[in-house]
Amino acid sequence: MAAPTATSAPKRFPDRDEVAAVRAEAERLEPGAEGPEQRRVAGRILARRDMGKLVFLDLVDRSGRIQLLCPAARTGPVDVHLGDVVGVTGPAAKSRRGEPSLIVDELELLSRIRSPLPDTFHGLTDVEQRYRRRYLDLLVNEETRADFVLRSRVLSASRRFLETEGFLEVETPVLQSLYGGAFARPFVTHHNELDEDLYLRVAGGELYLKRLIVGGLERVYEVGRVFRNEGVSYKHNPEFTMLEWYEAYADYRDTMDRFERLVETVALEVLGTTKVTYRGHDVDLKRPWRRLRLADALEEHGLWTRDEAELRRRLQERGLDVGQDNTWAQLVDHVLTSVIEPSLVQPTFLHDYPVELSPFARTTDDPLIVERFEGFVGGTELCNAFSELNDADEQAERFRMQAEEGAGGNVEAEPGDPDYVEALSYGMPPTGGLGFGVDRLVMVLAGKDSIRDVILFPAQRTRG
């Protein structure tokens, strides 16, 4: 069989069966038996064993792996290299040793490999190469393929959950003249025709989605890429995926209930269980999750005080570097990420935050505390949610407070958005809103320690 050329190679292989379906058919056969129907599968050859007049090949497609039996009497010489893409036709079978197989009557070479594969028996193990050449990682590591199939299913299941709850999927701008919705530094670009700088969004369209609530759409959500000009860690990538929703006539407690139901529903759909192992911890995602006030969590660690100097002193006594924390709010955020967050292993909603940390949330009975929560699993933040502030005057005042934070040295403070304040002036119903990191939820469900293992093409330094 000659290698195909650009003009001679088949351009299609129609009416293809998935390997998993053929393998399932073969499982039901007796050893040494053949199925009655011809099947057509296609994929990549990742193993070859020559046994005289019988050649064994392992063929892999997205759904799985199956053994191909190639008797010389039926196929003739088998001119196939490891890594070649082939299409084969023949009946499902079970070998005499009981291995689910397909007996090949016809083999078509669809694409000849030109570069040698990594070690196909041990996979691509160099971590940086796996991320940089993800195509090879997917090609030779079945676990990697399974992880990204799971990721796709998580997104599909999340969408189904929200749509059955009456939410509409919408799209909002990625390029924004004013960025907002999160404490984060933006990426800046320039629009030549408009001759003005624009920002890649740092949140999942929050201020735009709430404009849609003002407009009467009532329940909306968006799945989209978000960009933050920040460092890289096991849970941070400069470009990531967020799902954000807003619901009119709801508050943060309604939103807590909906999020824990979403996570439980998605886990059961994609895994068949709510029990996972994440970062060395056995975790049960079944609802209800624990509820814990932020002030109580700080008190548990001896760190609840409104006095900036006193909080700074206590943190310094614990050896924390607070040199970059210029305000009380920044100190509290430092405590949250460095001390409290790692201690929240089982699913927990940390709620009721200081107003200084939450410029878009409504206050509780205490004007210094707002109705905000974050959800944590395995010491990792999964979501952030508010009872959304819907008073235009109060929102303008919150933006003013954020401007003071910025003047105090907080480069991640909200810059403010006068048009959003104007939108609120037309009246927004009581609203609950939430954003969650899809990548982090996939990390939990797949049991992955690094966000780079669940993003197909994570950020990496360009090779020189």
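Scroll up for the structure.
Read on for an overview of the structure.

### A few points about empty space enclosed by the protein
Point 1. Applying the stated criterion across every chain, the model contains 1 cavity of 30 Å³ or more.
Point 2. One number sums up the size of the largest cavity: a volume of about 60 Å³.
Point 3. Ranked by residues supplied to the lining of the largest cavity, first place goes to helix H6 (residues 206-214) with 4 residues.
Point 4. Split into classes, the residues belonging to the lining of the largest cavity amount to 5 nonpolar, 3 polar and 4 charged.

### Focus: the layout of surface pockets
Point 1. Of the pockets and cavities examined, the second largest pocket occupies roughly 420 Å³.
Point 2. In terms of lining residues, the second largest pocket is bounded by 16 residues, among which Leu54, Phe56, Leu69, Ser95 and Arg96 are the most central.
Point 3. Those elements that place two or more of their residues in the lining of the second largest pocket are strand S1 (34-51), strand S2 (54-61), strand S3 (64-71) and strand S4 (85-94).
Point 4. The greatest single-element share of the lining of the second largest pocket, amounting to 3 residues, is contributed by S1.
Point 5. Each residue belonging to the lining of the second largest pocket can be placed in one class, and the counts come to 8 nonpolar, 2 polar and 6 charged.

### Brief notes about the nonpolar core
Point 1. Membership of the largest hydrophobic core comes to 42 residues, with the highest contact counts inside it found for Trp245, Phe259, Leu285, Phe436 and Leu445.
Point 2. Dropping the residues within four chain positions of it, tryptophan 245 is found in contact with Leu162, Phe167, Val220, Tyr221, Thr255, Arg258, Phe259, Leu262, Gly432, Gly433, Leu434 and Phe436.
Point 3. In this structure, Tyr353, Val355, Ala361 and Tyr420 belong to the second largest nonpolar core, which totals 39 residues.

### Observations regarding unusual backbone geometry
Excluding glycine, a negative phi dihedral is what most residues carry, and trans is how most peptide bonds are arranged.
Point 1. Of note, the amide linkage connecting arginine 287 to proline 288 takes the cis form, showing an omega dihedral of 0 degrees.
Point 2. Locating proline 288 in the fold gives a position in the loop between strand S14 (281-284) and strand S15 (290-293).
Point 3. Within the chain, aspartate 15 stands out as a residue other than glycine whose phi angle is a positive 55 degrees.
Point 4. As for its placement among the helices and strands, aspartate 15 is situated in the segment before helix H1 (19-27).

### Brief notes about the sheet that holds strand S7 (residues 168-169)
Point 1. Pairing is mixed across the open sheet formed by 8 strands, whose spatial order is S7-S11-S12-S19-S18-S17-S16-S15. Single-partner strands in this sheet number two, and they are S7 and S15.
Point 2. Here helix H7 (residues 252-271) sits on the sheet and contacts strand S11 (219-227), strand S12 (239-248), S15, strand S16 (348-354), strand S17 (369-377), strand S18 (380-387) and strand S19 (431-437); the angle it forms with S16, its principal contact strand, is near 155 degrees.
Point 3. Where helix H10 (residues 328-340) meets the sheet, it contacts S16 and S17, and its direction lies at approximately 170 degrees from that of S16.

### Concerning H6
Point 1. All of the buried residues in H6 are Glu206, Leu207, Leu209, Lys210, Arg211 and Ile213.
Point 2. Backbone geometry just after H6 places glycine 216 at a positive phi near 100 degrees.

### Quick notes on the packing of helix H5 (residues 142-164) against H7
Point 1. Packing of H5 against H7 brings their axes to within 9 Å, and their N-to-C directions diverge by 135 degrees. Relative to H7, H5 is oriented oblique. Of the two elements, H5 crosses H7, and the hand of that crossing is right-handed. Across the interface between the two elements, Leu150, Arg153, Val154, Ala157, Ser158, Arg160, Phe161 and Leu162 from H5 touch Arg258, Arg261, Leu262, Thr265, Val266, Glu269, Val270 and Leu271 from H7.
Point 2. Among the residues forming the contact of H5 with H7, the class breakdown is 9 nonpolar, 2 polar and 5 charged.

### Digging into H5
Point 1. Under the 1.5 Å per step criterion, the end-to-end length of H5 is 33 Å for 23 residues, consistent within 8% with the ideal 33 Å.
Point 2. By the burial criterion, the buried members of H5 are Thr144, Arg145, Asp147, Phe148, Leu150, Arg151, Val154, Leu155, Ala157, Ser158, Phe161 and Leu162.

### A few points about the sheet that holds strand S9 (residues 188-191)
Point 1. Read from one edge of the open sheet, 3 strands run S8-S10-S9, paired in antiparallel fashion. The open sheet has two edge strands with one neighbour each: strand S8 (175-176) and S9.
Point 2. As paired elements, S9 and strand S10 (residues 196-200) share 4 bridges and run antiparallel to each other. Residue pairing in the sheet places histidine 191 in a bridge with glutamate 196 of S10.

### Section: the packing of aromatic side chains
For any pair of aromatic rings, the description consists of the separation of the ring centres together with the inter-plane angle of the planes.
Point 1. Tallying each qualifying case throughout the model produces 8 aromatic pairs.
Point 2. Between phenylalanine 167 and tryptophan 245, the ring centres sit 6.1 Å apart and the planes meet at 65 degrees, which makes this aromatic pair edge-to-face. Taken together, the positions of phenylalanine 167 in the loop between H5 and S7 and tryptophan 245 in strand S12 put the pair 78 residues apart, joining distant regions of the chain.
Point 3. Look at phenylalanine 167 and you get buried, because its relative accessible area is 3%.
Point 4. These aromatic residues form a ring-pair network of at least three members: Phe259, Trp289, Phe349, Phe373 and Phe436.
Point 5. Above the plane of the ring of phenylalanine 13 lies arginine 40, whose end atom (NZ or CZ) is 4.0 Å from the centre.

### Side note on the packing of H5 against helix H13 (residues 438-446)
Point 1. Axis separation between H5 and H13 bottoms out at 10 Å; the angle between their running directions is 125 degrees. Considered as vectors, H5 and H13 are oriented oblique to each other. Our pair here, H5 against H13, has a crossing hand that is right-handed. For the pair H5 and H13, the contacting residues are Asp147, Leu150, Arg151, Val154 and Leu155 in the first and Val438, Asp439, Leu441, Val442, Leu445 and Ala446 in the second.
Point 2. For the contact of H5 with H13, the class distribution of residues is 8 nonpolar, no polar and 3 charged.

### Brief notes about the pattern of salt bridges
Point 1. Going through the model one piece at a time under the given rule, you end up with 48 salt bridges.
Point 2. Between arginine 452 and glutamate 128 there is a salt bridge; the shortest N-O distance is 2.8 Å. Pair noted here: arginine 452 is in the segment after H13 and glutamate 128 is in helix H3 (residues 127-132), with a separation of 324 residues, a long-range link.
Point 3. Residue arginine 452 is classed as buried on the basis of its relative accessible area, which comes to 16%.
Point 4. A relative accessible area of 36% places glutamate 128 in the partly exposed class.
Point 5. Taken together, the shared-partner salt bridges connect Glu165, Arg219, Glu247, Asp257, Arg258 and Arg261 into one network.

What counts, and at which threshold
- Residues numbered from 1 in each chain as written.
- Predicted model: local features only at pLDDT ≥ 70, side-chain atom pairs only at ≥ 80, totals over all residues.
- Heavy atoms only, no water.
- 1 Å grid on protein atoms, 1.4 Å probe; cavity = no way out; pocket = protein on both sides within 12 Å on 5 of 7 lines; lining within 4 Å.
- Points joined across faces, edges and corners; volume = space filled by probe spheres on them.
- Helix = DSSP H or I, 4+ residues; strand = E, 2+ residues; numbered from the N terminus.
- Nonpolar A, V, L, I, M, F, W, Y, C, P; charged D, E, K, R; others polar.
- Core = buried A, V, L, I, M, F, W, Y, C linked by side-chain atoms within 4.5 Å.
- Buried < 20%, exposed > 50% of the residue type's maximum accessible area, 1.4 Å probe, protein only.
- Contact = heavy atoms within 4.5 Å.
- Pairing = 2+ DSSP bridges.
- Axes fitted to C-alpha atoms, helices over the stretch in contact; angles between N-to-C directions.
- Parallel < 35°, antiparallel > 145°, perpendicular 65-115°, else oblique.
- Left-handed = near helix turned anticlockwise from the far one by under 90°.
- Expected span 1.5 Å × (residues − 1).
- Phe/Tyr/Trp six-rings, centres within 6.5 Å; stacked < 30°, edge-to-face > 60°.
- Lys NZ or Arg CZ within 6 Å of the ring centre and 35° of its normal.
- Salt bridge = Lys/Arg side-chain N within 4 Å of Asp/Glu carboxyl O.

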